[in-house]
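Chain by chain, the residues run as shown.
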Amino acid sequence: MTIANHNENLHQNISSIDLKTLVYSQIEIQSTRLGLGVFAVQDIPRGQPILKFRGPNINFAQNFAKGEKMANPLQIDHDLYIDLEPPGLYINHSCNPNTGIFQDRILIALQHIAAGEEIFYDYSTTMDEDCWTMKCLCNSHNCRGVVTDFKYLPPDTQEYYLKLGVVQDFIVKSLGI
């Protein structure tokens, strides 16, 4: 398996990498201003896989039934979610992320991440349900103020994430790309 994006030059062969080992060797859970977050414990190069999101698969109804405080979903299809487990559960959102999700479950570095730096991805790259939004508190220079479905992102932001290859496959297919 190869992570490849010809436009952005993200190349990394991950077929021989043990993602379970990466989880414990590259990151740790720490306190943040908003609760818990995931941080790099060593420098992580651009294109490097960081972890594979894990947890039981649940559908929309099961996710909804858990309630807002107990649900921790990562949408991987129109009616399919991963009910996230640590450490992936604690990766926070940013409108200016340093990671993205490749092949629906694998978190990769979109840029060099220095040891001690918090790891973020843009939750909107995984969402297409017209049901949930969240006030954004990322405080990045390009903060959108709200986390919502991918289709509601500005066109230039959508194009950027699509070129990087970090939009969930089911969303890309629904766009006809």
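Bear in mind the structure is a predicted one, so any value in this text is a computation, not a measurement. (Residues numbered from 1 in each chain as written. Predicted model: local features only at pLDDT ≥ 70, side-chain atom pairs only at ≥ 80, totals over all residues. Heavy atoms only, no water.)

## Structural notes on the layout of surface pockets
Argument step 1. Estimates place the volume of the largest pocket at around 1,200 Å³.
Argument step 2. Around the largest pocket, the lining comprises 40 residues; the ones closest to its centre are Ala 71, Asn 72, Tyr 123, Trp 132 and Met 134.
Argument step 3. Taken together, the elements giving at least two residues each to the lining of the largest pocket come down to strand S4 (35-40), helix H2 (60-66), strand S7 (73-77), strand S9 (92-93), strand S12 (120-121) and strand S13 (134-135).
Argument step 4. For the lining of the largest pocket, the residue count by class is 22 nonpolar, 12 polar and 6 charged. (1 Å grid on protein atoms, 1.4 Å probe; cavity = no way out; pocket = protein on both sides within 12 Å on 5 of 7 lines; lining within 4 Å. Points joined across faces, edges and corners; volume = space filled by probe spheres on them. Helix = DSSP H or I, 4+ residues; strand = E, 2+ residues; numbered from the N terminus. Nonpolar A, V, L, I, M, F, W, Y, C, P; charged D, E, K, R; others polar.)

## Side note on the sheet that holds strand S5 (residues 49-52)
Argument step 1. If you trace the 3 strands from one edge of the open sheet to the other, you get S5-S11-S10, paired in antiparallel fashion. Each end of this open sheet is capped by a strand with a single partner; those strands are S5 and strand S10 (99-102). Looking at each pair of strands side by side, their axes are set apart by 30° on average, direction ignored.
Argument step 2. As paired elements, S5 and strand S11 (residues 106-109) share 3 bridges and run antiparallel to each other. Counted as the bridge partner of Pro 49 is Ile 108 from S11. (Pairing = 2+ DSSP bridges. Axes fitted to C-alpha atoms, helices over the stretch in contact; angles between N-to-C directions.)

## Remarks on the confidence of the model for the chain
Low pLDDT marks regions whose predicted coordinates should not be analysed in detail.
Argument step 1. Looking at the chain, pLDDT values average 88 and 86% of them are 70 or higher.
Argument step 2. Mean pLDDT in the chain bottoms out at strand S1 (residues 2-5), which sits at 40, and peaks at S12, which reaches 98.
Argument step 3. Here residues 1-9 is modelled with pLDDT under 50, and outside its nearest four sequence neighbours on either side it reaches 31 contacts, counting other chains as well. (pLDDT = per-residue confidence, 0-100. Contact = heavy atoms within 4.5 Å.)

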